[in-house]
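# A look at the structure
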Amino acid sequence: MSVLHTTRQQRGFHKSSENAGLRERRQRGDREETDFISFRIKMFGVSNFILFLLIFVVDFIWAASVSPLAPDLPLRKTNIIYIPDIDEDYEDETSKPSYGPRLPWETTTHLIPQECDYDPCVVHEVSCSEISARTKCYCPGLTGPQELPLSPQLREVKQGASGEAQVHWCAPLSIVTHYKLMVEGREGLPPVFGQFSRNGTVRGVKVGSRVCVVAVNDAGFSVETEMSCTQFMPQELSQGAVRAGVIAGSVGFLALLSLVALLLWRQKSCQKDRSLNAEGLGNPSYTINETL
């Protein structure tokens, strides 16, 4: 009886120790699972922060790289003093002194010539000289037809609905007979536009090609400068390419983070299984049939 009682006590002790070991392993597994969940939450927060940082950096670089095609440079103006017509008997009339007081209703009016309302960046049907002859205003000084014209001011180059390049320029302070649009890498003769044109369309312009507007008169061609040339870079195309690159990079980065998290999870699971098996085999009270 004493031997049987002792055997039962030993079995109860072994079962209690085994249950305590199982509870400890379960608690350890729960802690590892909780740590892994917190680790995944932290990785998700870090990935969102990095994605936001990438988008911010790309937007900043894009905003810093985009600039106006041509600055609004002030146009040079030469003031010309307008002298009214002088009659032949001017000296005779002015040499005679006028005597007597002026009446209250008598006033003397002096006409001050005004600058003509002529914008060199807008299409006009007539020249400034015709406007001056009609309204007695004065035009800015222009270089003559026997001198090379000054370079036009290129205001804008944008992409049209059909993919063509739409060019807008301002006339120089020179006498011009017509304009030409010179496109880098384009075959054939350059398109020609009249002296009153301020807009032109060119087809077959590749992205990144250099586009220049040239003024022409009897003396020759104007010189191509930074003010009259620019690169054809459609804004919508550039923004779409940058956004597509950002989206593709973000998706790839998130996929890489997900793969790393999955590999870490599988590694922790394997380590947990190995530790449980090792603890079970090392316990002398653990047997398959629970017999000693």
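Residues numbered from 1 in each chain as written. Predicted model: local features only at pLDDT ≥ 70, side-chain atom pairs only at ≥ 80, totals over all residues. Heavy atoms only, no water.

## Observations concerning the overall build of the protein chain
Helices and strands together make up the secondary structure of the protein chain, namely 4 helices and 8 strands. Reading the protein chain from its N end, one meets helices and strands in the order α-α-α-β-β-β-β-β-β-β-β-α. Counting the 292 residues in the protein chain, one finds 23% classified as buried. Restricting to contacts in the protein chain with at least 6 residues of sequence separation, those with at least 24 account for 65%. Counting only carbon and sulfur atoms, one obtains 59% of the accessible surface of the protein chain, whose full area is about 21700 Å². (Helix = DSSP H or I, 4+ residues; strand = E, 2+ residues; numbered from the N terminus. Buried < 20%, exposed > 50% of the residue type's maximum accessible area, 1.4 Å probe, protein only. Contact = heavy atoms within 4.5 Å. Areas by Shrake-Rupley, 256 points an atom, 1.4 Å probe, with all protein chains shown as cover.)

## As for the state of the cysteines
Under the definition given, this model contains 4 disulfides. Between the sulfur of Cys116 and that of Cys137 lies a disulfide, 1.8 Å long from S to S. Of note, the bridge from Cys116 to Cys137 carries an S-S torsion of about 95° and is right-handed in sense. Of the two residues, Cys116 sits in the loop between helix H2 (90-95) and helix H3 (128-135) while Cys137 sits in the loop between H3 and strand E1 (153-159), which places them 21 residues apart along the sequence. Put simply, Cys212 and Cys229 are joined by a disulfide, and their sulfur atoms are 2.0 Å apart. Because the sign of the S-S torsion sets the handedness, a value of about 120° for the bond joining Cys212 and Cys229 places this disulfide among the right-handed ones. Residue Cys212 is found in strand E6 (residues 210-217), and its partner Cys229 is found in strand E8 (residues 229-231); the two are separated by 17 residues along the sequence. (Disulfide = S-S within 2.5 Å.)

## With respect to the nonpolar core
Judged by nonpolar contacts, the single largest core of 17 residues is most densely connected at Val167, Trp169, Tyr179, Leu181 and Val205. Put simply, the parts of the chain that give this core at least two residues each are E1, strand E2 (165-170), strand E3 (178-183) and E6. Counting 5 residues, the second-largest nonpolar core is a separate cluster that includes Cys116, Cys128, Ile131 and Cys139. (Core = buried A, V, L, I, M, F, W, Y, C linked by side-chain atoms within 4.5 Å.)

## Remarks on the packing of aromatic side chains
Per the counting criterion, the structure on display carries 2 aromatic pairs. Here the aromatic rings of Trp169 and Tyr179 are separated by 5.4 Å at their centres, their planes lie at 50°, and the arrangement is tilted. With a gap of 10 residues between them, Trp169 in strand E2 and Tyr179 in strand E3 connect regions that are remote in the sequence. The exposure class assigned to Trp169 is buried, which follows from its relative accessible area of 0%. Under the relative-accessibility criterion, Tyr179 is labelled buried at 1%. Clustering of aromatic rings is evident, with ring pairs tying together Trp169, Tyr179 and Phe193. (Phe/Tyr/Trp six-rings, centres within 6.5 Å; stacked < 30°, edge-to-face > 60°.)

## A closer look at the pattern of salt bridges
Side chains that differ in charge, positive against negative, can pair when their charged atoms come close. On inspection of all chains with the given rule, the structure shows 1 salt bridge. In this structure, Glu164 engages Arg203 in a salt bridge whose closest nitrogen and oxygen atoms are separated by 4.0 Å. Separated by 39 residues along the polypeptide, Glu164 in the loop between E1 and E2 and Arg203 in the loop between strand E5 (199-202) and E6 bring together distant segments of the chain. The buried category is assigned to Glu164, whose relative accessible area is 10%. Residue classification places Arg203 among the exposed residues on the basis of a relative accessible area of 55%. (Salt bridge = Lys/Arg side-chain N within 4 Å of Asp/Glu carboxyl O.)

## Some points on the environment of Cys212
According to the relative accessible area criterion, Cys212 is buried, its value standing at 3%. For the pair formed by Cys212 and Met182, sequence separation is 30 residues and the distance between their alpha carbons is 5.1 Å.

## Observations concerning the confidence of the model for the protein chain
Should pLDDT be low for a region, the predicted coordinates there are not to be read in detail. Mean pLDDT over the protein chain: 75, with 67% of residues reaching 70 or higher. Considering each helix and strand of the protein chain separately, the mean pLDDT is smallest for H2, with a value of 45, and largest for E6, with 96. Below a pLDDT of 50 lies the segment residues 286-292, which in the model reaches 4 contacts outside its immediate sequence neighbourhood of four places, other chains included. (pLDDT = per-residue confidence, 0-100.)

## Notes on the side chain of Asn217
Secondary-structure assignment places Asn217 in strand E6. Only 3.0 Å separates the side chain of Asn217 from the backbone nitrogen of Ala219, close enough to count as a polar contact. Ignoring anything within four residues of it in the chain, the contact list for Asn217 reads Gly144, Pro145, Glu147, Leu148, Pro149, Ile175, Val176 and Thr177. (Polar contact = N/O pair within 3.5 Å; in protein donor to acceptor, adjacent residues only side chain to side chain.)

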